[in-house]
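The residues making up each chain are set out below.
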Amino acid sequence: MTDSPRPHDPYDPHGTGNSRAALPDRWRETLLAARSGAYGSGPGPAPDSAPDPLPYAENLLARWDEPQRRYHTTAHLTAVLDRIDTLAGYADDVHAVRLAAWFHDAVYRPDRTENEERSAALAERALPEAGVGAAVTAEVARLVRLTVTHDPAEGDRNGEVLCDADLAVLAGGPQEYADYAAQVREEYGFVPDEAFRAGRVAVLRQLLALPRLFRTPHGAAAWEARARHNLATELELLDRPGSE
């Protein structure tokens with residue numbers, strides 16, 4: 001383990017580190033830690049000669065600010081990073097998990113199906129140039145690809161933390177969950193109502209059929225029941241006659 005779980009509530013809008021303005025500093029801290037960490041060996045510039053972290057943050061944030069996004073925005077990135085802070089003590093390499101959060105939706109086109117693969121490939125290109133070693137780069141890319149299924153293998157502690165952090169929005173309060181669902185619908189505004197409803201119903205049923213949504217002890221205890229309630233409520237609403 002690297003850190004201990006932090007006690008703050010990741011849904012608290014007044015919690016520490018929730019400002020978009022703080023994101024470049026959070027990137028810098030994570031990148032510098034990854035450069036000098038246990039996985040920092042391998043091809044790439046030595047830490048003392050590696051490039052300035054800021055241009056990489058600016059490039060990533062420009063991607064997260066693209067106009068087609070409604071849910072997959074810098075607000076989502078911030079929320080995932082905050083949840084990783086909460087779950088940090090469960091990760092084997094929390095710096096790799098944080099880097100994976102930065103990249104996991106860096107390429108996002110709602111009308112495409114290869115977003116995770118393209119995001120992972122972006123990490124594989126950018127991180128060695130930014131001074132990150134081969135092993136941690138490979139781990140980041142693996143974690144980004146894992147977000148296709150959100151189904152980490154037993155014992156994949158880094159994967160459990162990233163997937164729990166990414167899915168924790170499902171356990172939001174009523175207004176937060178309603179906002180999330182509305183933003184997802186906006187991102188898929190090009191899909192006709194009936195087709196979207198059918199696809200969304202299938203996703204909700206698939207999630208509810210899983211034996212567990214969250215794999216970390218904190219996620220299971222704090223988020224599982226509330227997430228299942230939210231998913232079941234949305235499914236009930238979409239299944240009503242005349243629903244869009």
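On a predicted model such as this, the values are computed, not experimentally measured, just so you know.

Rules used in this analysis
- Residues numbered from 1 in each chain as written.
- Predicted model: local features only at pLDDT ≥ 70, side-chain atom pairs only at ≥ 80, totals over all residues.
- Heavy atoms only, no water.
- pLDDT = per-residue confidence, 0-100.
- Contact = heavy atoms within 4.5 Å.
- Helix = DSSP H or I, 4+ residues; strand = E, 2+ residues; numbered from the N terminus.
- Expected span 1.5 Å × (residues − 1).
- Buried < 20%, exposed > 50% of the residue type's maximum accessible area, 1.4 Å probe, protein only.
- Arc of directions from axis to C-beta.
- Core = buried A, V, L, I, M, F, W, Y, C linked by side-chain atoms within 4.5 Å.
- Lys, Arg positive; Asp, Glu negative; His and termini not counted.
- Salt bridge = Lys/Arg side-chain N within 4 Å of Asp/Glu carboxyl O.
- Polar contact = N/O pair within 3.5 Å; in protein donor to acceptor, adjacent residues only side chain to side chain.
- Axes fitted to C-alpha atoms, helices over the stretch in contact; angles between N-to-C directions.
- Parallel < 35°, antiparallel > 145°, perpendicular 65-115°, else oblique.
- Left-handed = near helix turned anticlockwise from the far one by under 90°.
- Phe/Tyr/Trp six-rings, centres within 6.5 Å; stacked < 30°, edge-to-face > 60°.
- Lys NZ or Arg CZ within 6 Å of the ring centre and 35° of its normal.

Comments concerning the confidence of the model for the chain
For step 1, the next point in the chain: This prediction gives the chain a mean pLDDT of 89; 86% of its residues lie at or above 70.
For step 2, the next point in the chain: Per-residue pLDDT stays below 50 along residues 1–17; that stretch engages in 40 contacts with residues further than four places along the chain or on separate chains.

Comments concerning helix H9 (residues 193–209)
For step 1, the next point in the chain: For H9, built from 17 residues, the straight-helix expectation of 24 Å at 1.5 Å per residue is met to within 8% by its first-to-last C-alpha distance of 24 Å.
For step 2, the next point in the chain: Listed as buried for H9 are Phe-196, Arg-197, Arg-200, Val-201, Leu-204 and Leu-207. End-on view of H9: buried residues confined to an arc of 130°, all on one side of the axis. Across from the buried face of H9, at angles greater than 90 degrees, the exposed residues are Gln-206 and Ala-209.
For step 3, the next point in the chain: On its buried face, H9 is in contact with helix H8 (174–187) and helix H11 (224–239).

Notes on the nonpolar core
For step 1, the next point in the chain: By size, the foremost hydrophobic cluster in this structure holds 65 residues, and its most contacted members are Trp-27, Ile-84, Trp-102, Phe-103, Leu-127, Val-140 and Leu-170.
For step 2, the next point in the chain: Among the elements that make up this core, the one with the highest residue count is helix H4 (residues 94–103) (8 residues).
For step 3, the next point in the chain: Contact partners of Phe-103, with chain neighbours within four places excluded, come to Trp-27, Leu-60, Ser-119, Leu-122, Ala-123, Ala-126, Leu-127, Val-140 and Val-144.

Looking at the side chain of Glu-187
For step 1, the next point in the chain: Mapped onto the elements, Glu-187 comes out in helix H8.
For step 2, the next point in the chain: Of the buried charged residues, Glu-187 lacks a salt bridge, with Arg-69 as the closest side chain of opposite charge at 6.4 Å.
For step 3, the next point in the chain: One polar contact links the side chain of Glu-187 to the main-chain amide nitrogen of Tyr-71, over a distance of 2.9 Å.
For step 4, the next point in the chain: The contact partners of Glu-187, leaving out residues within four places of it in the chain, are Gln-68, Arg-69, Arg-70, Tyr-71, His-72, Tyr-108 and Pro-110.

Section: unusual backbone geometry
For step 1, the next point in the chain: At His-150, a position not held by glycine, the phi torsion is positive, near 50°.
For step 2, the next point in the chain: By secondary structure assignment, the location of His-150 is in the loop between helix H6 (134–146) and helix H7 (157–167).

Regarding the packing of helix H5 (residues 115–129) against H6
For step 1, the next point in the chain: Put simply, H5 and H6 touch, their axes get as near as 8 Å, and they point 165° apart. What the angle tells us is that H5 and H6 run roughly antiparallel. The chirality of how H5 crosses H6 is right-handed. Residues Glu-116, Glu-117, Ser-119, Ala-120, Ala-121, Ala-123, Glu-124, Leu-127 and Pro-128 of H5 touch H6, and the partners they reach there are Thr-137, Val-140, Ala-141, Val-144 and Arg-145.

Regarding the environment of Leu-167
For step 1, the next point in the chain: Turning to its location among the elements, Leu-167 is positioned in helix H7.
For step 2, the next point in the chain: By relative accessible area, which is 11% here, Leu-167 ends up buried.
For step 3, the next point in the chain: Spatially, the C-alpha atoms of Leu-167 and Gly-219 are 9.5 Å apart, while their sequence positions differ by 52 residues.
For step 4, the next point in the chain: When neighbours within four sequence positions are excluded, Leu-167 is seen to be in contact with His-150, Leu-213 and Phe-214.

As for the packing of aromatic side chains
When we look at a pair of aromatic rings, we describe it by the centre distance and by the angle of the planes.
For step 1, the next point in the chain: Under the defined criterion, the tally for this structure stands at 7 aromatic pairs.
For step 2, the next point in the chain: Taken together, a centroid distance of 5.1 Å and an interplanar angle of 75° make the contact between Tyr-71 and Tyr-180 edge-to-face. Within this pair, whereas Tyr-71 is found in the loop between helix H2 (54–64) and helix H3 (74–87), its partner Tyr-180 is found in helix H8, the two being separated by 109 residues in sequence. Just as Tyr-71 is buried, Tyr-180 falls in that class too.
For step 3, the next point in the chain: Between Tyr-188 and Phe-190, the aromatic rings sit 5.9 Å apart at their centres with planes inclined by 40°, giving tilted as the arrangement.
For step 4, the next point in the chain: By relative accessible area, Tyr-188 is classed as partly exposed at 26%.
For step 5, the next point in the chain: Here the aromatic residues Trp-27, Trp-102 and Phe-103 are joined through ring pairs into a cluster of three or more.
For step 6, the next point in the chain: Between the NZ or CZ atom of Arg-185 and the centre of the ring of Phe-196, over which it lies, the distance is 4.3 Å.

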